[in-house]
Amino acid sequence: MSAEDRRRLEEAQERVVVALVTGARAPEGFDADRLRAQAASLVSKRRSVVARLRPDAALAAGADLRAEFAAYAAARTDPPKGYREDADAFAAWMEEKGRLPKQARGWRDRLPWRRKTS
């Protein structure tokens, strides 16, 4: 495979990932309906993991979690680098919308098993 072929393949793969994670248009040559179904499945998986990693944000969203996370995911222009970053970015997004109190930051440090005992 030539360097040019490799570059084109990398660009195509990146367009597929972006379409899956951000809901961008399907790249040429891909079935848009199937890609949308996969993207919806991925958003659902991300939402469930984010809810486990940041229960404060999930609780703040309440019954609107599905819609709030879908809106957050659609607003992202770049795929998250990992679940922890995704969870923290969702919590920050909820905070910006006024749905998550600022004092919720640092909630992990307030968990009983995380407190230092002297």
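Residues numbered from 1 in each chain as written. Predicted model: local features only at pLDDT ≥ 70, side-chain atom pairs only at ≥ 80, totals over all residues. Heavy atoms only, no water.

**Student:** Quick one: what's the story with the side chain of Asp56, residue by residue and with numbers?
**Tutor:** Note on placement: Asp56 falls in helix 3 (residues 55-61). Looking at Asp56, its side chain comes within polar contact range of the side chain of Arg54, at 2.7 Å. (Helix = DSSP H or I, 4+ residues; strand = E, 2+ residues; numbered from the N terminus. Polar contact = N/O pair within 3.5 Å; in protein donor to acceptor, adjacent residues only side chain to side chain.)

**Student:** Which residues make up the layout of surface pockets, and what values go with them?
**Tutor:** Of the voids in this model, the largest pocket is the one considered here, and its volume is about 150 Å³. Leu20, Val21, Thr22, Gly23, Ala39, Ala40, Val43, Ala70, Ala73 and Ala74 together form the lining of the largest pocket. Elements with a minimum of two residues in the lining of the largest pocket: helix 1 (3-22), helix 2 (32-53) and helix 4 (65-75). Taken together, the residues of the lining of the largest pocket sort by class into eight nonpolar, two polar and no charged. (1 Å grid on protein atoms, 1.4 Å probe; cavity = no way out; pocket = protein on both sides within 12 Å on 5 of 7 lines; lining within 4 Å. Points joined across faces, edges and corners; volume = space filled by probe spheres on them. Nonpolar A, V, L, I, M, F, W, Y, C, P; charged D, E, K, R; others polar.)

**Student:** For the environment of Val50, give the residues involved together with the corresponding values.
**Tutor:** Among the structural elements, Val50 can be located in helix 2. When the C-alpha atoms of Val50 and Phe69 are compared, they prove to be 9.3 Å apart, with 19 residues separating the residues in sequence.

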